[in-house]
Amino acid sequence: MVIQSHRPKLSTERQTRTTKNRRIAFRLTDELGAQLDRAVALTGRSQTDLITEAIADKADEVIRAQRLLELTDRDMDALLAAIEHPPVPNAAMLRSIARWRERGAPA
Amino acid sequence: MKSSEPTGRADAPEVVVERLDRAHHDCSRFSCGKAPLDHYLRETVERDQDERTAVAYVLVDKDQPAKFRRVIGYFTLNSFAFPKKQARRRDQDRNLGRYNPVPAVLLGRLALDEAFQGRGLGSVLVVSALTQVLTLSEQLGTAVVVVHAIDDEAASFYEHQGFMRFRDEPRHLYYPLATFAAALAPTE
């Protein structure tokens, strides 16, 4: 299977979220291609739609399977500072706790 | 405890959090609007629980019969760590330098059924998760809770609750357990 992937340079961060800039082209075996055709026929959805969903699911699964996260120095500094000197809870958290107590929190 | 004014909508049910058990929890109708999170609850969660890589907790309505309750929301927890780079360990982080990696719990997934959204139950789920981790931390050292936000909207929701975003990992946010313990402590 051949996969090409390239990401054009973007002018703004916002653009990456809303526009579909990345183009991926790859080859499938006849067997997998036929399977894809069947799936397209069965769901009535487009090939792109099905493949996009599969990519999103798999990428999500792989990222979430991480059990370690190596931070950059500045993020590690911020994390250690927050552990050593915990910030005071904000008003939203206190409201959430009040709501949780009202809604049947275990005593 | 002092009585507080109502902080949620009146139509939200009284809820309870339980360990997910398919014999007693109806997951079939669960729909949060984000397909991977629905799919995970319906298809994948049991494999993870069998392999002990994650534990799922569900939010259910107290008034439904205990033998089979509809899942209103769920979250998953598993152990997590932040390794420190070799070079840093030697001469920096004098106080926490002895902890390597930094011990954490990952709130990997958290989702609320669409039919129950907009009633403050999302924040009830977050507090339930943090409470569960605080209980765990009495037996297993845990400094922070980490969340992996599925999208920007989710990240903003956690940020509003006081979670802090990593600058170079914008989909990961953290909340120090000491901050949560202080938030739970009686104020009077």
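### Quick notes on the overall build of chain B
Check the secondary structure of chain B and you find five helices and eight strands. Secondary structure elements in chain B, listed N-terminal to C-terminal, are β-β-α-β-β-α-β-α-β-α-β-β-α. Each of the 188 residues in chain B was classed as buried or not, and the buried ones make up 37%. Residue pairs at least 24 apart in sequence account for 66% of intrachain contacts in chain B once pairs closer than 6 positions are excluded.

### Brief notes about the overall build of chain A
A count of helical and extended segments in chain A gives five helices and two strands. Each helix and strand of chain A, placed in order from N terminus to C terminus, yields the pattern β-α-β-α-α-α-α. Taking all 107 residues of chain A together, the buried fraction comes to 14%.

### Side note on helix α3 (residues 121-136) of chain B
For an α-helix the count is 3.6 residues per turn, leaving residues at separations of three or four pointing the same way. For α3(B), spanning 16 residues, the distance from its first C-alpha to its last is 23 Å, which sits close to the expected 22 Å at 1.5 Å a residue. For α3(B), the complete set of buried residues consists of B:Leu121, B:Gly122, B:Ser123, B:Val124, B:Leu125, B:Val126, B:Val127, B:Ser128, B:Ala129, B:Leu130 and B:Val133.

### Details of the packing of helix α5 (residues 91-102) of chain A against α3(B)
In contact at an axis separation of 8 Å, α5(A) and α3(B) are set at 90° when each is read in the N-to-C sense. With respect to each other, α5(A) and α3(B) are oriented roughly perpendicular. Where α5(A) abuts α3(B), its residues A:Ser96, A:Ile97, A:Arg99 and A:Trp100 lie against B:Ser123, B:Val124, B:Val126, B:Val127 and B:Ser128. Classifying every residue of the contact of α5(A) with α3(B) by side-chain character gives five nonpolar, three polar and one charged.

### As for the interface of chain A and chain B
On the chain B side, the residues contacting the 35 residues of chain A number 47 residues. Of all the secondary-structure elements, those providing two or more residues to the side of chain A that touches chain B are α3 (47-64), α4 (73-84) and α5 of chain A. With ten residues, the single largest contributor to the side of chain A that touches chain B is α5(A). Grouping the constituent residues of the side of chain A that touches chain B by class yields 19 nonpolar, four polar and twelve charged.

### A few points about the environment of A:Ile97
Here A:Ile97 lies in helix α5. In this structure A:Ile97 touches B:Val127, B:Ala183 and B:Leu184, once residues within four positions along its chain are discounted.

### Here we look at the nonpolar core
Ranked by size, the top nonpolar core spans 62 residues in total, and within it B:Ala104, B:Val144 and B:Val145 carry the most contacts. In this structure B:Val145 touches B:Ala104, B:Val105, B:Leu107, B:Leu130, B:Val133, B:Tyr174, B:Tyr175 and B:Leu177, once residues within four positions along its chain are discounted.

### Here's the deal with the pairing of strand β8 (residues 172-176) of chain B
Residues and elements named next belong to chain B. Burial analysis of β8 places five of its five residues in the buried class, which makes it a mostly covered element. The two faces of β8 match: His-172, Tyr-174 and Pro-176 on one face and Leu-173 and Tyr-175 on the other face are all buried. Here strand β6 (residues 144-148) runs beside β8; their pairing, made up of five bridges, is antiparallel. Bridging from a neighbouring strand, Val-145 pairs with Tyr-175 of β8. Across two bridges, the pairing between strand β7 (residues 164-165) and β8 is antiparallel. In the strand pairing of β8, Arg-165 is matched with Leu-173. Between β7 and the antiparallel strand that follows it, β8, lie six residues.

### Remarks on unusual backbone geometry
Residue and element names in this part refer to chain B. One non-glycine residue, Arg-52, lies in positive phi territory at about 60°. Along the chain, Arg-52 turns up in the loop between α1 (35-50) and β3 (55-61). Classification of Arg-52 as exposed rests on a count of 8 C-beta atoms within 10 Å.

### A short note on helix α5 (residues 177-184) of chain B
Regarding α5(B), the residues found buried are B:Leu177, B:Thr179, B:Phe180 and B:Ala183. End-on view of α5(B): buried residues confined to an arc of 155°, all on one side of the axis. On its buried face, α5(B) sits against α5 of chain A together with α3, β6 and β8 of chain B.

### As for the environment of B:Leu136
Residue and element names in this part refer to chain B. Note that Leu-136 resides in helix α3. For Leu-136, a count of 16 C-beta atoms within 10 Å puts it in the partly exposed group. In this structure, the C-alpha to C-alpha distance between Leu-136 and Phe-68, residues 68 residues apart in sequence, is 27 Å. Once residues lying within four places of it in the same chain are set aside, the contact partners of Leu-136 are Val-105 and Thr-142.

### Quick look at the confidence of the model for chain B
Residues and elements named next belong to chain B. Confidence in the prediction for chain B averages 86 pLDDT; 86% of positions are at 70 or higher. Low pLDDT (under 50) marks residues 1-9, which in the prediction has 16 contacts with non-local residues, meaning those over four places away or in another chain. The ipTM value of the predicted complex is 0.85, and its pTM value is 0.76.

Here is what the cut-offs are and how they apply
Residues numbered from 1 in each chain as written. Chains lettered and ligands numbered in written order. Predicted model: local features only at pLDDT ≥ 70, side-chain atom pairs only at ≥ 80, totals over all residues. Helix = DSSP H or I, 4+ residues; strand = E, 2+ residues; numbered from the N terminus. Buried ≥ 20, exposed ≤ 12 C-beta atoms within 10 Å, placed from the backbone. Contact = placed C-beta atoms within 7 Å. Expected span 1.5 Å × (residues − 1). Axes fitted to C-alpha atoms, helices over the stretch in contact; angles between N-to-C directions. Parallel < 35°, antiparallel > 145°, perpendicular 65-115°, else oblique. Nonpolar A, V, L, I, M, F, W, Y, C, P; charged D, E, K, R; others polar. Core = buried A, V, L, I, M, F, W, Y, C linked by C-beta atoms within 7 Å. Pairing = 2+ DSSP bridges. Arc of directions from axis to C-beta. pLDDT = per-residue confidence, 0-100.

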